[in-house]
Amino acid sequence: MPEISVTVNGVEHREEVEPRLLLVHLLRERLRLTGTHVGCDTSQCGACTVVLDGKSVKSCTMLAVQADGSELLTIEGLGKDGLHPVQQGFWDQHGLQCGYCTPGMIMAAYQLLQDDADPSEEAIRHGLRGNLCRCTGYQNIVRAVQQAARATS
Amino acid sequence: MTTQERPPKLIGEPIKRREDPRLITGQGSYVDDLQPLGTLHLVIVRSPYAHARVTGIDVSAARNAPGVVAVLTPEDVQQSTEPVPVAAQLEGMHMPLRHALTGGEVKFVGEPVVAIVAEDRYLAADAAELVEVEYEELPAVIDPEQALEGGPLVHDELGTNLCVVSPIGDAEAAARAIEGAEVVIKQRLMNQRLIPNPIEPRAVLAHYEPGPGTLTVWSSTQIPHLLKTLLSACARVPEQLVRVVAPDVGGGFGCKLNVYPEEILAALASRRLERPVKFVETRQENYVATIHGRDLIGHLELGAKRDGTLVGYRIKVIADIGAYQHLLTAAIPTLTALMLQGVYKIPALAGEIVEVFTNKTPTDAYRGAGRPEATYYLERGMDLLAAELGMDPVELRRKNFIGAGEFPFDTQTGLVYDSGDYDAALDKALAIVGYDDFRSEQARLREAGRYLGVGFSTYVEICGVGPSSALPAGGWEAGTVRVERTGKVTVLTGVSPHGQGEETSFAQIAAERLGVGIEDVTVIHGDTAQVSAGIGTFGSRSLAVGGTALVMSLDKIEAKAKRFAAHAMEVQADDLEFEAGQVFVKDAPEKTISLPEIATLAYNAVDLPPDTEPGLEATSYYEPGNFTFPFGTHVAVVEVDTDSGAIDLQRFISVDDCGNIINPLIVEGQIHGGLAQGIAQALYEEAVYDANGQLLSGSLMDYAVPRADQLPSFELATTVTPTGVNPLGAKGVGEAGTIGSTPAIVNAVVDALAPLGVQHIEMMLRPERVLDAIQAAKGGAR
Amino acid sequence: MQLIGSRTMPYARERVWAALQDPAMLRKTLPGCEELTPSGEDSFDAKVTIGVAAIKGRYKGKVRLFDLEPPRKLRMAVEGGGGPGRMRGEGTVELESVAEGTKLVYDGEAATFGPIARVGQRLLRSAANKLLGEFLSRLEQELGREGESERAS
Ligand code: FES
Ligand code: FES
């Protein structure tokens, strides 16, 4: 079995993995970082979104071995020192209900704001189109991201 | 009491949710996040055919595959478990039962046939591929109307595909009224099949411990208590040894209001293997193995006078329920029947609900459950009638509204609407949309070849479910309030929120009533070992029914606290007032005793008042005397591109009245989410089967759950007409958005295309259908 | 799902006809074919592994040739299944002598069952066409190779 090394939320992990192991299962089942969720098997829902080397990726579409040598940020690492403004935005604006899409949505929004610090509503809606939420109708998610943008700019 | 500062008001305030900090930091705990030591994984081999005879099952290769611990086959499971439970049993209904695994004849794609239990999910999936099932394909029936007209039989032994017919109203009176009506419109209206799609698929983890003989089941469910009872029967474990926990649940929308084969299988496997066994559905499995919603064809006839006064309404509804009943399947279309009358005075009304078996996934409750269909039929009917009469659809509605002074109102379907002011909601919506201006703008743009439309839906729905006589397993709810020794408060509720925020709203109620800080209240739900009794969260009932049980327990706590206070202060309990966590003497408000002090007295119990037990805890079961009937007006503004058939939803206005509001933030969120689903039914979602019974829209690639850029920002407003049914005056809001919104969209699109002669388009309104309708109206096929 | 297409090969009709009945030839040319054994007159049992994304998996199936009109026309029925689902198809293969050699025309109807039926008909059609194309290319290649070795001997 190949051995890989990944840095997750600042901590380096060396793991022997089966070549077919998905990155999301490495995170959830090996590293026990269960904040990253799985909502589909066709890479449509975005519940598994994490940030890998400065890009948001769907961790269900990647093999763990493909992440060898990468830096990963997951929901557990985002608010290490108090809530991140994106998390705060989701809380303040009631941007979640069941919370299942939320970690992926927050990570996608985080990366969206890294790439565009002051997005329009349209840009936010477009930027989050890879992430499904069945509960909120997205309106409060948009507000959450807008709040976070104001807070960070 | 004057010296004390009043604690802040909590009821009615937009308090940020207390469940959120864990959920936004990845600390939530959903079923699949739990991984007790030694957990095994269960994977299902499912029927690829809509209808087939299983002629052979060979599991030998699977049994010997790496990591496989057990293989369950139909024969084995049929001997060791009871059938998948059906609770809704209507008079005269056919009720073919199935076990958790099917051996003889499979009747829909996705029906479980074999289960594999292995050390991890990859190995279980590998082994599943090695299972060889021989099938002899049988003719399938997919179309419900064909199923009624002598298509292949889903269940041979029944000799028919008809499950049950339920009449409602006065058929003769309705027939007479329609015959004598000056104007009658007739229309076939399809309310298509939908797939609920909570973002967390179903998941269950069963753990049988041989020592104590207990079975603990963590399930992504809306009904932990009902599941406990039913699963104990199905898996044959005495109920008192079963504990069900609904941890964080990633959305339900009705589809987790059920007992599924996989729950029974996980329980059975765990009992046998004495290890934890987990099943997590893949999304593609979810599409065929979890219940679907809607799928009702309505044949509507609406009669009126020339001036628009309604005289009669008759509808035949054909409900395609799929291959079997699930927990509440048969009851869902009867909710359509109950709500046929909508917000109008209709002197004669009759409905006939025909439920039919087909070789498809069973249907059951999906957000709205029966009411969106009723609303769709009537609200489309009103627009068709307005067009026929050349009347403004708003004016027609208003003319027939039940007036604000006419409540409580008896409907032709046997309900009593509690309260309402339909004009008020409509007025507010008209003001927001700027109706008059819109109409002139619309006319102006039409000249320029642009097609804008506005559509209305004035709805009423039934919720706060409900009186136990109307529900197969009881409609009550239970709630406990425990003031701990330190004066901190624990609320235990039988409702089982999965996004609805009762950890917050119930804490608001308890904290305000007891005058403690909200941080001093903890709300516990979803664990049958902690919460002694309950029904669950569905039918927009949590606040109206569960909240009332909580209020009743708070009343009892107050009364008991007063007895302790009276005893301690040597006054009469009647002379005391309970306010803001203090009990004080009415005539001498400086004499007070605080809740923690009373708790100490209650638990130390050294000097008990006469006839008083120690402790400060109260449990109540609330049995609602009636349903509640929220209502509102939804308005859609669309522009239709007549070249491409594309629909641009420009505005959506939602004025809803759910009675008194405990937390406006949560109410708004519920409406947003409900609107998204209702709008999506009109514009995006449809479960499509091919002639072989294969689900073509079988994954998120082909079934369009709306994305962020496919919805506008909604414009919300409320009116408040409290209900007298419960002391909170709250009606419920979980489904209103879904129930009201769908017809508003279709009405708007048809309004936009009316100048071209378009009268109706069936949902979902995909561009080709829009173009076909335009072409057909022009008098020719495209 | 209808599959229609044609391919012209620079070989005589009789050779193409013979190749279509030859298990050894089919084993070599059917994409992913691991086993192909005659199971009766004009019928074969086959084991195939397919690597195309949406229908990836191992399949077992039966192929039956019937209504043979050598060397012009035959009908073929295929039935099979595996982890990702099952399929059943029937079609006609016609061979026409043309100036460039032989024109093979196929016209068939296939139905899929189970998970593969749900992955989207678009994907399925393109996967099926890809596999058919691969088969015909290999057939053409093999016929060429056979020709060369014949010439060499
Ligand atoms: S789990 Fe759905 S995209 Fe990864
Ligand atoms: S909050 Fe439930 S899916 Fe987004």
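Source: prediction; values computed, not measured.

**Student:** Can you help me understand the pairing of strand β4 (residues 57-69) of chain C in this one?
**Tutor:** Along a regular strand, successive side chains alternate from one face of the sheet to the other. All names here are of chain C. Judged from the 8 bridges that link them, strand β3 (residues 43-50) and β4 form a sheet pairing that is antiparallel. Residue pairing across strands places F44 opposite V63, the latter belonging to β4. Joining the antiparallel neighbours β4 and strand β5 (residues 73-82) is a turn of 3 residues.

**Student:** How do you make sense of the interface of chain C and chain B when you look at a structure like this?
**Tutor:** Size of an interface, as often reported, equals the accessible area lost when the parts are brought together. With 16 residues of chain C at the interface, the matching set in chain B holds 18 residues. Buried area between chain C and chain B, summed over both chains or domains, comes out near 1,500 Å², and the portion from carbon and sulfur atoms is 47%. When the buried surface of chain C facing chain B is broken down by residue, R86, F113 and R118 of chain C rank first, second and third, together holding 47% of it. Taken together, the links from chain C to chain B amount to 2 salt bridges. Across the salt bridge formed by R88 of chain C and E137 of chain B, the nearest N and O atoms sit 2.0 Å from each other.

**Student:** Would you explain the domain arrangement of chain B in this entry?
**Tutor:** Residues and elements named next belong to chain B. Domain parsing of chain B yields domain 1 (3-27 + 476-622), domain 2 (38-132 + 199-251 + 256-289) and domain 3 (293-466 + 626-778). If you average the C-alpha positions of domain 1 and of domain 3, the two centres end up 39 Å apart. With 27 residues of domain 1 at the contact, the number on the domain 3 side is 23 residues. On inspection of domain 1 and its partner domain 3, the count reaches 11 residue pairs in polar contact (both at pLDDT 80 or more). If one sorts the elements of the side of domain 1 that touches domain 3 by residue count, helix α16 (residues 542-569) sits on top with 6 residues. Grouping the amino acids of the side of domain 1 that touches domain 3 by side-chain chemistry returns 12 nonpolar, 11 polar and 4 charged.

**Student:** Even after reading the chapter, I still don't get the arrangement of the chains, so can you show me in this structure?
**Tutor:** The pair of protein chains exhibiting the most contacts, out of 2 pairs of chains in contact, is chains A and B. Spatially, chain A and chain C are disjoint, and the shortest separation between their C-alpha atoms is 9 Å.

**Student:** So what exactly am I meant to see when it comes to the pairing of strand β1 (residues 3-8) of chain A here?
**Tutor:** All names here are of chain A. Of all 6 residues in β1, 5 are buried, a share of seventy percent or more. Alignment of β1 against strand β2 (residues 11-16), held across 6 bridges, turns out to be antiparallel. When the sheet's bridge partners are listed, V6 is paired in β2 with H13. What sits between β1 and β2 in their antiparallel hairpin is a turn of 2 residues, with N9 showing a positive phi close to 50 degrees.

**Student:** So what exactly am I meant to see when it comes to the interface of chain A and chain B here?
**Tutor:** Every contact between the two is made by 52 residues of chain A and, on the other side, 57 residues of chain B. Summing both sides of the interface, chain A and chain B together bury roughly 4,700 Å²; the carbon and sulfur share of this comes to 51%. Contact with chain B buries surface across chain A, with W91, H94 and R134 of chain A losing the most and accounting together for 19% of the total. On the surface where chain A and chain B come into contact, there are 8 salt bridges. For the interface between chain A and chain B, the tally reads 36 residue pairs in polar contact (both at pLDDT 80 or more). Elements that contribute at least two residues to the side of chain A that touches chain B include exactly α1 (23-30), α2 (75-78), α3 (85-92), α4 (102-115), α5 (121-127) and α6 (139-152) of chain A. The greatest single-element share of the side of chain A that touches chain B, amounting to 5 residues, is contributed by α3 of chain A. By residue class, the composition of the side of chain A that touches chain B is 20 nonpolar, 20 polar and 12 charged.

**Student:** I keep staring at the nonpolar core and nothing clicks. Help me out?
**Tutor:** Where a protein is soluble and globular, its nonpolar side chains tend to be buried together. By size, the foremost hydrophobic cluster in this structure holds 183 residues, and its most contacted members are F90 of chain A together with Y313 and Y417 of chain B. The element best represented in this core is helix α11 (residues 371-389) of chain B, accounting for 9 residues. Counting 41 residues, the second largest nonpolar core, distinct from the first, contains F564, A588, I593 and A602 of chain B.

Calculation rules
- Residues numbered from 1 in each chain as written.
- Chains lettered and ligands numbered in written order.
- Predicted model: local features only at pLDDT ≥ 70, side-chain atom pairs only at ≥ 80, totals over all residues.
- Heavy atoms only, no water.
- Pairing = 2+ DSSP bridges.
- Helix = DSSP H or I, 4+ residues; strand = E, 2+ residues; numbered from the N terminus.
- Contact = heavy atoms within 4.5 Å.
- Buried area = accessible area lost by both parts, 1.4 Å probe.
- Salt bridge = Lys/Arg side-chain N within 4 Å of Asp/Glu carboxyl O.
- Domains from an automatic or database assignment.
- Polar contact = N/O pair within 3.5 Å; in protein donor to acceptor, adjacent residues only side chain to side chain.
- Nonpolar A, V, L, I, M, F, W, Y, C, P; charged D, E, K, R; others polar.
- Buried < 20%, exposed > 50% of the residue type's maximum accessible area, 1.4 Å probe, protein only.
- Core = buried A, V, L, I, M, F, W, Y, C linked by side-chain atoms within 4.5 Å.

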